[in-house]
Amino acid sequence: MTTTIVPMIETSNNELVVSSEQIATGAGVEHRATLQLIKANEAELEEFGQVAFEMRLTGKAGSDIRVALLNEPQAMLLMTFQRNTAQVKAFKVALIKEFKRLAEAQRFDPATLTRMDILKMAIESETRVHQLESKIEADAGKVAYVDEHVDPKDVTLFRTVCRNLQINESDLRKALIYRRWIYVSNTYIMGGYTVKEYAAHHNFQAYFKVCKYHNKKTGSVTNRETLKVTPEGVAAVTRFVEKLTKEYGSVRDALPHLEIKYNQRKGIAA
C-alpha cells in the first residue's frame, strides 16, 4: 500500500511555495534527479514566474544543499514531468489539497465561516479531487508510453543546453558534427520546412539519447525523433564549448576551422 506524504508548504515573499526536497520525498525520487528535472524544464516552469533557488543548512559541515522553491502552478507542472507511479499520483493529489487548504486559510477568516460555507468548500474540494483522479487514470496509458519510449529521465533538450551556455543551437550542432560526435540521420520536409533528425556516433552514445518527439502542449507522441543530451553529455558539451571559446573566441568563430579539419578527415579538399 502506498503511503502518501503530506507536503510541507512554505511561504516565500507572501507566496505559497513547496521545496524541491519536499517534491523529491513525496515522489520517491532522489533530490538530485528532481533538481535536474527542474533545470531541464526551467523555461516551461518560468512561464509561471521565476524559479527561486536557495542554499539550506543540513546541520553537517560542508553539506549545505541547494533547493528550488516552486509556486503552485510550477509544482503542478513539474509533477506532470514525473513518472506516473502510484506514489507520484497520490502525492499529486496531496499537493493540490495542501496548496488549496493553505490558500483558503489565507483567504478566509475561519471565525466568519458559516456551517453552509464549510460544507460548500468541502464538497467543491472533493469534486475537484475526484476530477483530478479521473484525469490521472485516463492519462495513465499515455504517460506509461511516454515513460518507456519518449522521455527518459535526466535528459536535456539541445536548446536548454545552449540557453544555459549562451550559445546558438545551430552553431553547437554544426560543431558537434564537425567533431564527429553527432550526425544527421534523416532529413524530410514538413510544412514547407526542412527538418533534420540527429543521432550520435558510436563512441559518443553515452552523451546523447534519441527520443520520440513528445508535444507537451497537446500530449501527442509522433514518429519524429529528437536527440537529447544526457547528464554526462551536458558535462562533456560544456567542456567542449569552453575549449573552443578559449582557442577561437567563440563556437561560431571555431566553425570554419572545425569544418576544414572535418573535410580533411573525409579526404575532401577544403
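Everything that follows concerns the structure shown earlier in this document.
K.L.:
Tell me about the nonpolar core, and please be specific about residues and values.
P.N.:
Counting 25 residues, the largest nonpolar core has Phe 158, Leu 176, Trp 181, Ile 182 and Phe 208 as the members making the most contacts within it. Contributions of two or more residues to this core are made by α7 (158-165), α8 (169-178), β6 (193-200), β8 (220-229), α9 (231-248) and α10 (251-266). Those residues in contact with Leu 176 that sit more than four places away from it in its chain are Phe 158, Trp 181, Ile 182, Phe 208 and Phe 240. Judged by nonpolar contacts, the second largest core, of 22 residues, contains Ala 68, Leu 78, Leu 95 and Leu 102.

K.L.:
Tell me about the layout of surface pockets, and please be specific about residues and values.
P.N.:
Size it by volume and the second largest pocket reaches roughly 240 Å³. Around the second largest pocket, the lining is made up of 14 residues, and of these Lys 39, Thr 156, Val 161, Asn 164 and Val 234 lie nearest the centre. Elements represented by at least two residues in the lining of the second largest pocket include exactly α2 (31-40), α7 and α9. Examining the composition of the lining of the second largest pocket, we find that 4 residues originate from one element, α7, more than from any other. A per-class count over the lining of the second largest pocket returns 6 nonpolar, 6 polar and 2 charged.

K.L.:
Requested: an account of the pattern of salt bridges, with residues and values cited.
P.N.:
Evaluated as defined, the whole model comprises 8 salt bridges. Between Arg 56 and Glu 54 there is a salt bridge, with the nearest N and O atoms lying 2.6 Å from each other. Look at Glu 54 and you get partly exposed, because its relative accessible area is 31%. Salt-bridge contacts for Glu 98 lead to Arg 101; the nearest nitrogen and oxygen are separated by 2.7 Å. Within this pair, Glu 98 and its partner Arg 101 are both found in helix α5 (residues 86-107), separated by 3 residues, close to a single helical turn. Because the salt bridges share partners, they merge into one network encompassing Glu 10, Glu 54 and Arg 56.

K.L.:
Help me get a handle on the sheet that holds strand β3 (residues 52-56), residues and values and all.
P.N.:
Think of a sheet as strands paired side by side through backbone hydrogen bonds, with each pair either parallel or antiparallel. Here 4 strands make up an open sheet; going across it, the order is β1-β2-β4-β3 and the pairing antiparallel. Each of the sheet's edge strands pairs with one partner strand only, and the pair in question is β1 (10-12) and β3. When strand polarity is set aside, the average angle formed by the axes of neighbouring strands in this sheet is 45°. Pairing of β3 with strand β4 (residues 65-71), which is carried by 5 bridges, proceeds in the antiparallel orientation. When the bridges of β4 are listed, Ala 52 appears paired with Leu 69. Packed onto the sheet, α2 meets β3 and β4 and runs at close to 55° relative to β4. Against the sheet, helix α4 (residues 72-80) touches β2 (15-19) and β4, its axis set at about 105° to β4.

K.L.:
Which residues make up the packing of helix α1 (residues 20-27) against α2, and what values go with them?
P.N.:
The relative placement of two packed helices comes down to the angle between their axes together with the axis-to-axis distance. In contact at an axis separation of 9 Å, α1 and α2 are set at 115° when each is read in the N-to-C sense. Considering only the axes of α1 and α2, their crossing is right-handed. Along its contact with α1, which presents Ser 20, Glu 21, Ile 23 and Ala 24, the element α2 presents His 31, Thr 34, Leu 35 and Ile 38.

So, how was this worked out
Residues numbered from 1 in each chain as written. Predicted model: local features only at pLDDT ≥ 70, side-chain atom pairs only at ≥ 80, totals over all residues. Heavy atoms only, no water. Core = buried A, V, L, I, M, F, W, Y, C linked by side-chain atoms within 4.5 Å. Buried < 20%, exposed > 50% of the residue type's maximum accessible area, 1.4 Å probe, protein only. Helix = DSSP H or I, 4+ residues; strand = E, 2+ residues; numbered from the N terminus. Contact = heavy atoms within 4.5 Å. 1 Å grid on protein atoms, 1.4 Å probe; cavity = no way out; pocket = protein on both sides within 12 Å on 5 of 7 lines; lining within 4 Å. Points joined across faces, edges and corners; volume = space filled by probe spheres on them. Nonpolar A, V, L, I, M, F, W, Y, C, P; charged D, E, K, R; others polar. Salt bridge = Lys/Arg side-chain N within 4 Å of Asp/Glu carboxyl O. Pairing = 2+ DSSP bridges. Axes fitted to C-alpha atoms, helices over the stretch in contact; angles between N-to-C directions. Left-handed = near helix turned anticlockwise from the far one by under 90°.

Remember, this is a structural readout, not a statement about activity or role.
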